[in-house]
Every structure is written in C-alpha cells, then in structure tokens.
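The residues making up each chain are set out below.
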Amino acid sequence: FPGAGTFVPESDDLRVLADAARSCRGCDLWEPAENTVFGAGTPSARMMLIGEQPGDQEDRRAQPFVGPAGALLNRALAQADIDRELTYVTNAVKHFTFTRSDRGPRRIHKKPLRSEVVACHPWLEAEIRAVDPSVVVLLGATAAQAMLGTSFRIGVDRGRVLELGEARAVATAHPSAVLRAPDDERDAAFDALVADLRVAASLLE
Ligand code: URA
Ligand code: SF4
C-alpha cells in the first residue's frame with residue numbers, strides 16, 4: 001500500500017483532516033467500508049483515547065466507539081470519573097475491516113494487518129499533533145503497538161505510566177476484550193480497565 005502519507009493535508013484543523021480522510025486510498029480498506037471513521041470529541045482535549053479500528057456500528061454511523069465496545073467504554077470511563085465529552089476518541093485504523101458470515105449478511109470484524117496499521121499511522125500522527133493531548137490512553141495491543149512498537153506487551157506493561165513524546169501514555173485492555181472475556185472473568189477484566197483509566201485520569205490532576 002502507498003500509506004496515508006500523501007493524503008494527509010498539512011493542517012492542525014481536525015475538520016480539515018477528517019474531511020481529507022474521507023478520500024484516503026492509503027490502503028485497501030476504504031473500498032468495502034461504508035464510511036471513514038475519523039476521531040471525534042473535544043479538539044483541544046487533554047486526554048486522547050486510541051482504539052483499534054471501527055466496528056460494524058461505527059462504520060454505519062461514521063463515529064468511533066458507538067457500538068457495544070463503546071457502551072462498555074462509556075461505563076468504564078464513568079466509573080473512572082472521566083467525562084468522555086472532554087476527551088478525543090479515535091482509532092489506529094480509520095476504516096472497518098470485516099469478513100462476511102457464510103450464514104447471512106452479518107459483517108464480522110477482522111483484526112487489521114500490521115501493514116494496515118502502518119499505512120494509517122499518518123492520520124493518527126496528524127490527530128495527535130492537532131489535539132496535542134497530555135495523556136494518551138492506548139486501548140488494546142493494536143493501539144499500543146501502533147504507538148510504542150511491536151514488542152509492546154499489554155499483559156506486561158498495562159497500567160504503567162509511559163512516555164510518548166511530550167505526552168504520557170497508559171496502555172490497557174481493549175473494551176472488546178472485556179466483552180469477550182468468559183463470564184466468570186468479565187467483572188475482573190472490567191475492573192482492571194477502570195483501574196488503568198484511573199491511572200490515566202490521575203495524570204491530569
Ligand atoms: N473497537 C474499536 O477499536 N474502535 C471502535 O471505534 C469500535 C470498536
Ligand atoms: Fe486510508 Fe487508513 Fe482507510 Fe487505509 S484504513 S484507506 S490508510 S484511512
């Protein structure tokens with residue numbers, strides 16, 4: 001893939017960036033997707049949250065984290081006393097990728113390839129430049145590795161305060177991983193996500 005680089009305008013205006021991302025052809029994911037899901041939220045947010053990639057609902061509504069994973073994230077943010085309205089929420093990859101179920105029209109989320117994460121990275125860099133957050137929350141391994149390199153392991157370094165250029169970062173589990181946890185582990189997985197979000201929130205004080 002050529003990557004998103006040549007499609008990213010030299011602008012710190014998120015509306016200009018989001019608009020340009022709609023015609024990105026930096027990798028092959030734009031074609032089957034319905035929408036480009038750019039980040040959303042407060043343009044000058046002090047906290048930025050980065051997920052993996054939009055899901056089915058996000059693709060339909062062109063908004064990040066508005067499906068089941070978003071609902072769980074909202075609950076976790078509320079418990080950690082973080083106002084989502086005051087944050088900026090985005091994803092490492094801006095287009096949904098999926099396979100079709102043999103049994104129907106359901107679109108099943110497919111994890112993005114490393115090459116797609118790399119291709120999309122210039123948009124993420126542009127968003128970080130524009131928002132200039134002081135705290136970045138990395139939701140899951142894809143986001144963490146997009147920012148910190150492929151040797152990063154969530155299981156080892158989640159919840160720790162990390163350096164990310166001028167900002168500080170905290171990596172944690174992806175909300176979808178909490179949703180997928182076995183019944184008897186889900187509450188603990190949720191509480192661990194909240195605990196990591198509290199670490200991130202404490203950096204804003
Ligand atoms: N999962 C993500 O990583 N991002 C979304 O926007 C939705 C689900
Ligand atoms: Fe461009 Fe990213 Fe979409 Fe690929 S996923 S086409 S790099 S916006």
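Everything here concerns the structure above.
Residues numbered from 1 in each chain as written. Chains lettered and ligands numbered in written order. Predicted model: local features only at pLDDT ≥ 70, side-chain atom pairs only at ≥ 80, totals over all residues. Heavy atoms only, no water.

Participant: Is there a simple way to think about the overall build of the chain in this case?
Facilitator: The number of helices and strands found in the chain is 8 helices and 8 strands. The globule rule puts the C-alpha radius of gyration for 205 residues at 17 Å, and the 16 Å found for the chain is close to it. The proportion of buried residues among the 205 residues of the chain is 51%. The contacts in the chain between residues at least 6 apart in sequence include a share of 73% that link residues at least 24 apart. Split by element, the accessible area of the chain, about 10,200 Å² in all, is 49% carbon and sulfur. Computed over 24 positive and 29 negative side-chain charges, the separation of the two mean positions in the chain equals 4 Å. (Helix = DSSP H or I, 4+ residues; strand = E, 2+ residues; numbered from the N terminus. Rg over C-alpha atoms; globule rule 2.2 N^0.38 Å. Buried < 20%, exposed > 50% of the residue type's maximum accessible area, 1.4 Å probe, protein only. Contact = heavy atoms within 4.5 Å. Areas by Shrake-Rupley, 256 points an atom, 1.4 Å probe, with all protein chains shown as cover. Lys, Arg positive; Asp, Glu negative; His and termini not counted. Charge placed at Lys NZ, Arg CZ, Asp CG, Glu CD.)

Participant: Even after reading the chapter, I still don't get the side chain of serine 11, so can you show me in this structure?
Facilitator: By the element assignment, serine 11 lies in the segment before α1 (14-21). Residue classification places serine 11 among the buried residues on the basis of a relative accessible area of 16%. There is a polar contact of 2.9 Å between the side chain of serine 11 and the backbone nitrogen of aspartate 13. Dropping the residues within four chain positions of it, serine 11 is found in contact with Val16 and Leu17. (Polar contact = N/O pair within 3.5 Å; in protein donor to acceptor, adjacent residues only side chain to side chain.)

Participant: Whenever I open this one, the site of ligand 1 confuses me. Can you help?
Facilitator: Residues in close proximity to ligand 1 include Gly51, Glu52, Gln53, Pro54, Gly55, Glu58, Pro64, Phe65, Ala69, Asn91 and His174, which together make up its full environment. Contacts to ligand 1 include glutamate 52, whose backbone N or O atom sits 2.8 Å from an oxygen atom. In this structure, asparagine 91 approaches ligand 1 through a side-chain N or O atom, which is 2.7 Å from a nitrogen atom. Expressed as a share of its isolated accessible area of 240 Å², the protein-covered part of ligand 1 is 94%. According to the grid-proximity analysis, the pocket containing ligand 1 is the largest pocket. Residue composition of the shell around ligand 1, grouped by class: 4 nonpolar, 5 polar and 2 charged. (Near = heavy atom within 4 Å. 1 Å grid on protein atoms, 1.4 Å probe; cavity = no way out; pocket = protein on both sides within 12 Å on 5 of 7 lines; lining within 4 Å. Sits in = over half its atoms within 2 Å of the grid points. Nonpolar A, V, L, I, M, F, W, Y, C, P; charged D, E, K, R; others polar.)

Participant: How should I be thinking about the site of ligand 2 in this particular structure?
Facilitator: Every residue lining ligand 2 is accounted for by Ala4, Cys24, Gly26, Cys27, Trp30, Val93, Lys94, His95, Ala119, Cys120 and Trp123. Judged by the proximity of its atoms to the pocket grid, ligand 2 belongs to the largest cavity.

Participant: How should I be thinking about the layout of surface pockets in this particular structure?
Facilitator: Summary: where empty space remains is shown by rolling a probe the size of a single water molecule over the atoms. When its volume is computed, the largest pocket comes out at roughly 800 Å³. Mapped onto the lining of the largest pocket, the elements with two or more residues apiece are α2 (56-61), α3 (68-79), β5 (107-109), α5 (141-148) and α7 (175-180). Here the element with the most residues in the lining of the largest pocket is α7; it accounts for 4 residues. Residue classes in the lining of the largest pocket are distributed as 12 nonpolar, 10 polar and 7 charged. Put simply, the second largest pocket is a space of about 170 Å³. The class makeup of the residues in the lining of the second largest pocket is 5 nonpolar, 1 polar and 4 charged. (Points joined across faces, edges and corners; volume = space filled by probe spheres on them.)

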